[in-house]
Amino acid sequence: MAHVVIIGGGFAGVWSAAGAALARAGTDLRITLIAPSEHLVLRPRLYELKPDLATVPLDPILAPIGVEHLRASVSTIDTDRRVVVADGAAIGYDRLVLAAGSELVRPLGLPGAERLFDIDTLNGALRLTDHLRDREDCCVVVVGAGFVGLEAATELAARCQVLLVDQSSVVGEQLGPGPRGEIEAALDSLGVECRLATTVTEVGDGYAVLSDGARVEADAVVWSGGMRASALTRQISDELDHLGRVPVDHWLRALPEVFVAGDTASTAFDAEHTVMQACQHATPMGKVAGYNAAADLLRMPLREFTPGPYVTCLDLGDAGAVFTRGWDRRVMASGAEGKEVKNRINHHIHPPVDDAGKILAAADRVRIELPFFPRPEDEPAPGV
Ligand SMILES: Cc1cc2nc3c(=O)[nH]c(=O)nc-3n(C[C@H](O)[C@H](O)[C@H](O)COP(=O)(O)OP(=O)(O)OC[C@H]3O[C@@H](n4cnc5c(N)ncnc54)[C@H](O)[C@@H]3O)c2cc1C
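Residues numbered from 1 in each chain as written. Predicted model: local features only at pLDDT ≥ 70, side-chain atom pairs only at ≥ 80, totals over all residues. Heavy atoms only, no water.

K.L.:
How would you explain the sheet that holds strand S13 (residues 193–196) if you had to name every residue and give the values?
P.N.:
Sheet architecture is open: four strands sit in the order S13-S12-S11-S17, paired in parallel fashion. Either end of the sheet is taken by a strand with one partner, and the two such strands are S13 and strand S17 (220–223). Direction aside, neighbouring strands of the sheet carry axes that sit 20° apart on average. Across the sheet, helix H3 (residues 122–132) lies against strand S11 (138–143), strand S12 (160–166) and S17, angled at about 160° from S17, the strand it touches most. Each of S11, S12 and S17 touches helix H4 (residues 147–156); the most contacted strand, S12, lies at about 160° to it. (Pairing = 2+ DSSP bridges. Helix = DSSP H or I, 4+ residues; strand = E, 2+ residues; numbered from the N terminus. Axes fitted to C-alpha atoms, helices over the stretch in contact; angles between N-to-C directions. Contact = heavy atoms within 4.5 Å.)

Shown next, in the form of structure tokens:
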């Protein structure tokens, strides 16, 4: 029996499984998803006060669509022999989807780095929540004023004094000038102090030292210095991009038998941009990669990855959220209206469970759906 193996149980892996199950239709193709956890972790929600709610069990997604789940971690991909090694066991594949995601880039050689907290993984977010629980008047230093650091800082501001540190001279440098005014106003209104063009040079018990020599009180130092693709990508390609991602074509294929999706893959979004390490891209990429892995074995036409409009929605804690559209990140909604959009997105990213029909129908919808997003005035409504 032909076998599709998927590495990873995040957005890209889960939707690859659903995509492959959709293409399989009535055939006896075997589909196995390998991931160590029994949950899909909704990483975009890990900044929330209760990160344990940001999970969905994998079984009610995979079982109804006939996908096996092997709880294991892959250490080796042998593309010549078409075998992966998971917890010491060799598993053969006919088509492979690599969807092992990304990890926080940790600082090298920072004294006290072992004391750092993060919200990159469920365990990291739970450790931070436990550490701050029942502490009154706590002080937190957040390092990195990018998307994740801003969400962490503004959420933590509801219960702690927050100092936000970034080596850049502006907040949200990679988000560009579009939403910066909204972000700065939110930080101001929440009392988040920013120390820009600065970094942390030491982390100690109850304090952090900054590159300007200042020693600041810190019950926790939260590191959010960016993400890099899983190291498994090196076993697929020698030509990784600056985020460690495997270059793939419009069918998300990297090698004749290997497709790659989500944070591990780099493909063109348009003539100027590649996709982002974001679930809004990981989800449709997964659907296409999984579908194509199965369709290729079944000699069916492959699907091209055609992304929908690029949007971002940054949570700003009690100051609401800022929703932007396009690569210039034009602000479409902010404050309470932005928060409404963010809440809908955070709900929308939960895959359907216990219903094969709904899961497969969702796997068939590849373009991002934006029915609830405010549209620019010059853009017609869908179907018009
Ligand atoms: C705090 C935070 C906020 C974010 N906010 C947003 C947002 O607002 N919007 C947005 O679009 N994106 C956001 N992101 C990014 C988004 O979460 C990622 O882009 C998305 O999770 C990528 O999905 P993925 O499936 O590629 O990888 P991941 O979600 O990283 O999943 C990878 C999977 O692979 C498994 N795995 C890893 N290594 C192995 C191995 N060796 N063997 C087997 N399995 C393995 C993991 O256990 C996991 O199941 C945010 C991320 C964070 C951390």
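K.L.:
Which residues make up the pairing of strand S14 (residues 200–204), and what are the values?
P.N.:
As paired strands, S14 and strand S15 (residues 207–210) are joined by four bridges and run antiparallel to one another. Of the residues in S15, the one forming a bridge with Gly204 is Tyr207. In sequence, S14 turns back onto S15 through a hairpin of two residues, with Gly206 there showing a positive phi of about 90°.

K.L.:
Can you break down the pattern of salt bridges residue by residue, with the values?
P.N.:
All chains considered together, the criterion is met by 19 salt bridges. In this structure, the salt-bridge partner of Asp364 is Arg303, at a minimum N-O distance of 2.8 Å. You can see Asp364 sitting in helix H8 (residues 356–364) and its partner Arg303 sitting in the loop between helix H6 (279–297) and strand S23 (311–315), a full 61 residues away along the chain. Exposure remark for Asp364: the relative accessible area of 40% places this residue in the partly exposed category. Here Arg303 falls in the partly exposed class, since its relative accessible area comes to 26%. Look at the salt bridges and you will find they share partners, linking Arg43, Asp120 and Asp263 into a network. (Salt bridge = Lys/Arg side-chain N within 4 Å of Asp/Glu carboxyl O. Buried < 20%, exposed > 50% of the residue type's maximum accessible area, 1.4 Å probe, protein only.)

K.L.:
Describe the sheet that holds strand S2 (residues 30–34), with residues and values.
P.N.:
What the six strands build is an open sheet, ordered S5-S2-S1-S9-S21-S20; its pairing is mixed. Here the strands that pair on one side only, and so sit at the sheet edges, are strand S5 (68–70) and strand S20 (253–255). Neighbour-to-neighbour, the strand axes of this sheet turn through a mean angle of 25°, independent of strand direction. Summarising the sheet, strand S1 (residues 3–7) and strand S9 (residues 95–98) pair through four bridges and their orientation is parallel. Looking across to S9, one finds that Val4 is bridged to Arg95.

K.L.:
Lay out helix H7 (residues 335–348) in plain terms, naming residues and giving numbers.
P.N.:
Taking 1.5 Å per residue as the helical rise, H7 with its 14 residues ought to reach 20 Å, and the 20 Å between its terminal C-alpha atoms agrees with that figure. Within the sequence span of H7, burial applies to Gly338, Val341, Lys342, Ile345 and Asn346. Down the axis of H7, the sector holding all buried residues measures 135°, keeping them to one side. Seen from the open side of H7, the exposed residues pointing more than 90 degrees away from its buried face are Ala336 and His347. Of the surrounding elements, those touching the buried residues of H7 are H4, S23, strand S24 (321–325) and strand S25 (330–333). (Expected span 1.5 Å × (residues − 1). Arc of directions from axis to C-beta.)

K.L.:
Please give an account of the packing of aromatic side chains that cites residues and values.
P.N.:
Inspection of every chain in the model, using the stated rule, returns three aromatic pairs. When the centroid spacing of 6.4 Å and the interplanar angle of 75° are considered together, the rings of Phe269 and Tyr310 count as edge-to-face. One end of the pair, Phe269, is in the loop between strand S22 (265–266) and H6; the other, Tyr310, is in the loop between H6 and S23, with 41 residues separating them in the sequence. Consider the rings of Phe269 and Trp327, whose centres lie 5.0 Å apart with planes at 70°: the pair is edge-to-face. (Phe/Tyr/Trp six-rings, centres within 6.5 Å; stacked < 30°, edge-to-face > 60°.)

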